[in-house]
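Each chain, written out:
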Amino acid sequence: MYDKFQAYLQKELADIEAAGLYKNERIIESAQGAEILVKGKKCLNFCANNYLGLADNPELIEAAKAGMDARGYGMASVRFICGCQDLHKQLEKKISDFFGTEDTILYAACFDANGGVFEPLLTADDAIISDALNHASIIDGVRLCKAQRFRYKNADMADLEEQLKAAQNCRFRLVVTDGVFSMDGNVCPLDKIYELAQKYDAMVMVDESHSAGVVGKTGRGVTERYNLRGQVEILTGTLGKAFGGAMGGFTTGRKEIIDMLRQRSRPYLFSNSMAPGLVAAGIRMFELMEESSALQDKLHANTDYFLRRMKEEGFDCKPSESAICAVMIYDAAKSQKYAAKMQEEGIFVTGFYYPVVPKDQARIRVQVSAAHEKEHLDKCIEAFKKVRAEIEGK
Ligand SMILES: *Cc1c(COP(=O)(O)O)cnc(C)c1O
């Protein structure tokens, strides 16, 4: 059998490559950080989700080691069979305190949190109203649930209102949105979403993966940004981005919702508990957040500086309220040229084009971090100028 299947896969892979969509991984030979080592060469990293620069933070590394010393390497069980450690409960409490929510449930990743949130809560009598640009894990989670599906155009409140009207005869309605959309860096208009949800009797869920730690004056996410702390029924998020970048996901929100997820959410019931070292480091990470929001201040200053300087140099950047800066190139082939040449200059950025973004909306996505110093940002901007001169001849 395999020879036929192999031939089929080889052809499919060749097609992917011919379409220019084959994903090659770069191999990093250092810890994740502002500066990384690739093929023995130092480069500046502008494409990690390491928004607060915590991925190589010495205090978190220490906390992870201490957690392993105290509670071992692994849990080797799911929670409903073997229970969890005191550390897991402490981390859940920290997350609830951070977001001003009632309770929290941990998962191995936010992909699991989103995969396991809809099906236990909603049935075919209910409606899920989802932003068209929501993350793949939300799309998959919705697919696993029997609720009726409604989709509205990205952050389009007139369309959301239409969909809410269309869903009026369902029993329960849940509006679902990413906090920050990863291609444009725009923040969801949660104030208006919340207002419409009130008007049309719906609940709201926000995936804070790209916004937690970043958006809002102290990084508490979009509910801080819009003064809606504790008002949204469900938040999901990851420990794999701003919050240290290791692994772990969570759903946080209303007490009964979290209770029900503990009873019925499949990635919680049938997948391993987070490893003690990561949990201990997670607890320390939230302590750091409680102590100071200096990292947020630095990240916001860095992002403002980068965008302001890029605009001064004549680059076309999407407005951003997050750490994601989309430098618009429009032409797909050209965006790949930019990314490759930026890499030659020792700057890692990613070029995105159709179908990841709309046709003729190709861009270079720059992810700014609190780990970046001003000279890193300046180097990135200088590289953009040099590459533009080479490509555009100006
Ligand atoms: C990154 C991301 C996820 C997945 O998080 P993991 O913890 O890495 O699984 C889910 N949702 C959104 C919006 C994300 O950006």
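Everything here concerns the structure above.
What you are looking at is a predicted structure, and each value in this text was computed from that prediction instead of being measured. All residue numbers here refer to positions counted from 1 along the written sequence of the relevant chain. The predicted nature of this model means local features are confined to residues of pLDDT at least 70 and side-chain atom pairs, given and counted, to a pLDDT of 80 or more, with totals for whole chains, interfaces and linings taken over all residues. Side-chain measures here rest on the full set of heavy atoms in the structure, leaving out hydrogens and waters.

### Things to note about the packing of aromatic side chains
- Each aromatic pair joins two rings of Phe, Tyr and Trp (for Trp, the six-membered one) with centres within 6.5 Å, and gets the label stacked for planes under 30 degrees apart, edge-to-face for over 60, and tilted for any other angle. Scanning the entire structure with this criterion turns up 10 aromatic pairs.
- Each ring, one from F80 and one from F270, has its centre 6.5 Å from the other, and the planes form 80°; the classification is edge-to-face. Of this pair, F80 sits in helix α3 (residues 79-82) while F270 sits in the loop between α11 (266-269) and α12 (276-291), and the two are 190 residues apart along the sequence.
- Grouped by ring-pair contacts, the aromatic residues F98, F99, F243, F250 and F286 constitute a single cluster.
- Charge over a ring is defined by NZ of Lys or CZ of Arg lying within 6 Å of the ring centre and within 35 degrees of the ring normal. Across the ring face of Y354, the terminal group of K359 is positioned such that the distance to the ring centre comes to 4.0 Å.
- A cation over an aromatic ring shows up here: R388 above the ring of F315, its NZ or CZ 4.0 Å from the ring centre. Only DSSP runs of H or I reaching four residues or more are called helices, and only runs of E reaching two or more are called strands; each is numbered from the N terminus.

### Section: the side chain of T223
- By the element assignment, T223 lies in helix α9 (residues 222-225).
- Exposure categories follow from relative accessible area, calculated using a 1.4 Å probe and restricted to protein chains: below 20% of the type maximum is buried, above 50% is exposed, and the middle band is partly exposed. With a relative accessible area of 1%, T223 lands in the buried category.
- If sequence neighbours within four positions are ignored, T223 has contacts with L190, E208, L228, R229, V232 and L235. The contact definition used throughout considers only heavy atoms, calling two residues in contact when any of these lie within 4.5 Å.

### What to know about α12
- Working rule for helices: expected span equals 1.5 Å times residues minus one. Here α12 contains 16 residues, and its C-alpha end-to-end distance of 23 Å stays within 8% of the 22 Å for a straight helix at 1.5 Å per residue.
- In terms of residue burial, α12 counts as a mostly covered element, since 12 of its 16 residues are buried.
- Turning to α12, the residues buried within the fold contact α2 (58-71), α4 (86-99) and α13 (294-312).

### What about unusual backbone geometry?
- Omega for the bond connecting Y354 with P355 falls within 30 degrees of zero, at 10°, which places this linkage in the cis form.
- As for its position among the elements, P355 is in the loop between β12 (350-352) and β13 (362-367).
- Although it is not a glycine, K39 adopts a positive phi angle of roughly 50°.
- As for its placement among the helices and strands, K39 is situated in the loop between β1 (35-38) and β2 (41-45).
- Non-glycine residue D201 carries a positive phi angle of around 55°.
- Following the sequence through the fold, D201 ends up in the loop between α8 (190-199) and β7 (203-207).
- By relative accessible area, D201 is classed as exposed at 57%.

### Thoughts on the side chain of T101
- Within the secondary structure, T101 sits in the loop between α4 and β3 (103-107).
- At 2.5 Å, the side chain of T101 forms a polar contact with the side chain of T252.
- If sequence neighbours within four positions are ignored, T101 has contacts with I95, S96, L235, T252 and G253. Counted as a polar contact is a pair of N or O atoms within 3.5 Å, where, for protein atoms, one must be capable of donating a hydrogen and the other of accepting one, and residues adjacent in sequence contribute only when both atoms are in side chains.

### Brief notes about the pattern of salt bridges
- Any carboxyl oxygen of Asp or Glu that lies within 4 Å of a side-chain nitrogen of Lys or Arg is treated as forming a salt bridge with it. In total, this model carries 32 salt bridges according to the counting rule given.
- The closest approach of N and O atoms between R71 and D86, which form a salt bridge, is 2.8 Å. Taken together, the positions of R71 in helix α2 and D86 in helix α4 put the pair 15 residues apart, joining distant regions of the chain.
- Judged by its relative accessible area of 34%, R71 is partly exposed.
- Its salt-bridge partner being D201, residue R173 comes within 3.7 Å of it at the nearest N-O pair. Placement of the pair is R173 in strand β6 (residues 173-178) and D201 in the loop between α8 and β7, with a sequence separation of 28 residues.
- Given the relative accessible area of 5%, R173 is considered buried.

### Topic: a nonpolar patch on the surface
- Only residues above 30% relative accessible area that lack a salt bridge enter a patch, with like-charged residues linked at up to 9 Å and the nonpolar side chains Val, Leu, Ile, Met, Phe, Trp and Tyr linked at up to 5 Å. Accessible surface is estimated by sampling points in the Shrake-Rupley manner with a 1.4 Å probe; for residues, cover comes only from the protein chains shown. A surface patch of nonpolar side chains, about 740 Å² in accessible area, is lined by Y2, F5, Y8, L9, L13, I16, L21 and Y22.
- On the secondary structure map, L9 appears in helix α1 (residues 2-18).
- On the basis of relative accessible area, L9 is assigned to the partly exposed category, the value being 30%.

### Thoughts on the site of the ligand
- In these notes, residues near a molecule or strand are those with any non-hydrogen atom within 4 Å of it. Taken together, 13 residues sit near the ligand, with C110, D207, H210, T238 and K241 positioned nearest.
- A distance of 2.6 Å is found between a nitrogen atom of the ligand and a side-chain nitrogen or oxygen belonging to D207.
- Here the ligand has 380 Å² of accessible area as a free molecule, and 83% of this is covered by the chains.
- Classification convention: Asp, Glu, Lys, Arg as charged; Ala, Val, Leu, Ile, Met, Phe, Trp, Tyr, Cys, Pro as nonpolar; all other residues, Gly among them, as polar. When the residues that make up the shell around the ligand are grouped by side-chain class, the tally is three nonpolar, seven polar and three charged.

### Describing helix α10 (residues 255-264)
- Inspection of α10 places I257, I258, L261 and R262 among the buried residues, and these make up the whole buried set. Summarising the axial view, the buried residues of α10 lie within an arc of 140°, below the 170-degree limit, and thus occupy one face. Opposite the packed face of α10, turned more than 90 degrees from it, sit the exposed residues E256 and Q263. In this context, the arc is that of the directions from the helix axis out to the C-beta atoms.

### Quick look at the sheet that holds β1
- We call two strands paired when DSSP finds no fewer than two bridges between them. Read from one edge to the other, the open sheet built from three strands follows the order β1-β2-β11, with strand pairing classed as mixed. Where the open sheet ends on each side, the last strands, each with one partner, are β1 and β11 (347-348).
- Pairing of β2 with β11, which is carried by two bridges, proceeds in the parallel orientation. In the sheet register, L44 faces β11, and the bridge partner there is I347.

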